[in-house]
Amino acid sequence: MVSRIPAWTWDKLLRLVDRPRLGLRLALLSTLLASPALLLDFHLDDHIGRYIYSEREGAARLFHNYAGGYGLALGDAAENHWQMDRGWAPWWQYDRLLVRAFRPLGVLIHSIDFRYLLDSPVLMRAHSLLWAALLVLAVTRMYRAVFASAAIAGAAAVLFALDHTRGLAIGHICNRHALEATTIGALTLTAHFRYGRTRRWAHAWQGPALYAVGMFASELSMSVSAYVVAFELLAQRDAARVRAFAVAPYLAVTLAFVAFYAAAGYGVSGSGYYIDAAREPGPYLLAFLMRAPLLLMGQFAGPPAELALELPPALAYGLLAWALALLALVGWALRPVFRRDPTARFWALGMVGCLVPAAGADPSNRQLVFASLGAMGLLAQAWEFYASSPRGPASGLPRGGHGLAGLLLSFRLVVSPLMFPLSTVSIALAAPINAQASQFATEPVGGRDVIFVTSPYEMAVRIAYLFRHLSGEPLPSSVRYLASGPQATTLRRTGPNTLEAAFEGGLLQSRYLHLHRDPRLKMPVGAVVKLSGFSVEVLATSQASGPTRVRFTFAKPLEDPSLAFYRWDERQFVPFTPPGVGQERTLPAALMPVGW
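Residues numbered from 1 in each chain as written. Predicted model: local features only at pLDDT ≥ 70, side-chain atom pairs only at ≥ 80, totals over all residues. Heavy atoms only, no water.

S.K.: For this particular structure, what's the right way to read helix 21 (residues 458-471)?
M.R.: In an α-helix, one turn spans 3.6 residues, which is why side chains three or four residues apart end up on the same side. Given a rise of 1.5 Å per residue, 14 residues ought to cover 20 Å, and the 20 Å separating the end C-alpha atoms of helix 21 matches this to within 8%. The buried fraction of helix 21 is high, at 13 of 14 residues. Two residues or fewer past helix 21, Gly472 is found with a positive phi of approximately 80 degrees. (Helix = DSSP H or I, 4+ residues; strand = E, 2+ residues; numbered from the N terminus. Expected span 1.5 Å × (residues − 1). Buried < 20%, exposed > 50% of the residue type's maximum accessible area, 1.4 Å probe, protein only.)

Listed below in structure tokens is the structure:
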């Protein structure tokens, strides 16, 4: 176990990082660590992009509904009904669901990907690696602009280059917007830090102009304003009016962006997976208090924040307790650094401010790219502080502070580089979805109505449907979902055209199903959803997890050859024969396997 930070590590670092080409070398190192991404196939949302950016039938309308791949629904009842009727959304989707982000720069860049890079996952991920390298270069310049010590700036750049938390943003093509926004954000902060040093009017406009450009990449760019406010508040000593003048343009851009975002119909409403702070401040604040510690846990040590989504509630609360304990220990070890250096306080406040936009979605390490700017700056300062500070009771430092700081740095210098390649290729854990979709693409369902009785994850159905479009195989007349998620489903045949389904514990138990409907938006008993040749009536519902019993009515008898039923069988969809009239059948929980 590391018990202290030896001074020689800092002395050696001084010789390594005070070099003019440090940024280029770190960019190459980071690219090497992330290079396994080049081995990946397309996964999950990548297939959506391949379809909506194509000229295939229906692609343009779905492109509009999905906001170029950065949304799910427009908040329009007619368009949401079209999605359900065409099989792009499940029948339980909230009729006014809105999930739509404003990312025109990302849409422009993806149009290059999906239209001009030969439908090649290698070329598209090479494009992501280029952005990842540019990000490291920009961040290295940023640290050198804010830190007076070249050694601390270099140490922070090294820690950022080795940080594994942005791996998924590199490996998942549709998450590249985070790299684009953070690259522009780092350039913005560099300009602002230089303006803070000179306070020359000629430099005052550069940061706000870049900040405005960043807003076209992602709403995550609002994190820049958190660092700017924290910098002027804690790290500068100018008169209050000077600092207010420095902050004002960023606040103006932020307010203009937020006003435009709401007026133009962007944002989130009706989803339980995302929360819009402007539309639901109360629920958002509660979610922030739960998600922020998990995100910081993923940033400083681990396990990854997204683990909370996979655990049962009791264990998830245990993970939250660990996150709070870890943060208390980190704060305790950094206390003397905060006391000595206002720059450390600025990084900490800015890092926490970055969690405001990040906490709008369920926690995941991929949301930490902006927060890692502050975290790595903090850890670099802790490295220098403890390496140059005396040890023992007479030092006045927290007992064990050297050891804890050493453990945190060991994690960043040893464990994080090992996790970086794994994080980058973690999207490939969804490979079984590709396998089942490839299998379904060859099924004889052209011109028939396909009904998925059970599925592990509604996206598994969507991707199976997408593979039919992308492979050129004959398309079904329609696609319908009956149930999805990890609950046993009992089907009872009540008539030639009707099935009643009972969902053990309720249909909307899985967090992933909350993407289409917040469980707080109840489907009351008697609610009816009518689609072409198919309707659903809610017969019973639960307070916490949605419908527990529903009736499905088809326009044709279930034995009609135009209907093709499928159920989930461990790793794939297999044909299913509905029970006879008056009979019932219980199907086990549909669980999505993970693998490579």
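S.K.: Looking at this model, I keep getting lost on the packing of aromatic side chains. Mind explaining?
M.R.: Both the distance between ring centres and the angle between the ring planes are used here to describe each pair of aromatic rings. Inspection of every chain in the model, using the stated rule, returns 39 aromatic pairs. Pairing Tyr53 with Phe63 gives two aromatic rings, centres 5.1 Å apart and planes at 90 degrees, and the pair type is edge-to-face. Taken together, the residues span a long stretch of sequence, with Tyr53 in the loop between helix 3 (45-52) and helix 4 (59-65) and Phe63 in helix 4 at a distance of ten residues. On the numbers, 5.8 Å between centres and 65 degrees between planes, the contact of Phe554 with Phe565 is edge-to-face. (Phe/Tyr/Trp six-rings, centres within 6.5 Å; stacked < 30°, edge-to-face > 60°.)

S.K.: Which parts of the structure should I look at to understand the sheet that holds strand 10 (residues 546-554)?
M.R.: The strands making up a sheet associate through backbone hydrogen bonding, with each pair oriented either parallel or antiparallel. The six strands are arranged 8-9-10-7-6-13 in an open sheet whose pairing can be described as antiparallel. Of all the strands in the sheet, just strand 8 (528-531) and strand 13 (584-587) have a single pairing partner and so form its edges. Across the sheet, the mean angle separating the axes of adjacent strands is 20 degrees when strand polarity is ignored. Bridge analysis of strand 6 (residues 489-495) against strand 13 gives four bridges, and the strand direction is antiparallel. Directly across from Leu491, in strand 13, lies its bridge partner Arg585. (Pairing = 2+ DSSP bridges. Axes fitted to C-alpha atoms, helices over the stretch in contact; angles between N-to-C directions.)

S.K.: Is there a simple way to think about the packing of helix 16 (residues 313-340) against helix 19 (residues 401-424) in this case?
M.R.: Two quantities define a packed helix pair, namely the angle between the helix axes and the distance between the axes. Between helix 16 and helix 19, whose axes approach to 9 Å, the crossing angle comes to 120 degrees. Between helix 16 and helix 19, the angle falls in the class oblique. In terms of crossing hand, the pair formed by helix 16 and helix 19 is left-handed. Seen from helix 16, the contacting residues are Leu329, Val330, Trp332 and Ala333; seen from helix 19, they are Gly401, Leu404 and Leu408. Looking at the contact of helix 16 with helix 19 residue by residue, the class counts come to six nonpolar, one polar and no charged. (Parallel < 35°, antiparallel > 145°, perpendicular 65-115°, else oblique. Left-handed = near helix turned anticlockwise from the far one by under 90°. Contact = heavy atoms within 4.5 Å. Nonpolar A, V, L, I, M, F, W, Y, C, P; charged D, E, K, R; others polar.)

S.K.: What am I meant to see in the sheet that holds strand 5 (residues 478-481) here?
M.R.: Read across the open sheet, the four strands follow the order 5-4-11-12; overall the sheet is mixed. Both edges of this open sheet fall to strand 5 and strand 12 (572-575), since each of them pairs with a single strand only. Within this sheet the neighbouring strands show an average axis-to-axis angle of 30 degrees, counted without direction. Bridge analysis of strand 11 (residues 563-569) against strand 12 gives four bridges, and the strand direction is antiparallel. Directly across from Asp569, in strand 12, lies its bridge partner Gln572.

S.K.: Looking at this structure, I do not really get the pattern of salt bridges. What am I missing?
M.R.: Two side chains that carry opposite charge are able to pair once their charged atoms sit near each other. Applying the stated criterion across every chain yields a total of 20 salt bridges. Glu280 is paired through a salt bridge with Arg520; the nearest N and O atoms lie 3.0 Å apart. Separated by 240 residues along the polypeptide, Glu280 in the loop between strand 3 (267-269) and helix 14 (281-300) and Arg520 in the loop between strand 7 (498-503) and strand 8 bring together distant segments of the chain. With relative accessibility at 22%, the residue Glu280 sits in the partly exposed group. Taking the relative accessible area as the measure of exposure, Arg520 reaches 47% and is therefore partly exposed. Close ionic contact of Arg520 with Asp518 constitutes a salt bridge, the shortest N to O distance being 2.6 Å. Exposure remark for Asp518: the relative accessible area of 8% places this residue in the buried category. Bridged by salt links that share partners, the residues Glu500, Glu537, Arg549 and Arg551 form one connected network. (Salt bridge = Lys/Arg side-chain N within 4 Å of Asp/Glu carboxyl O.)

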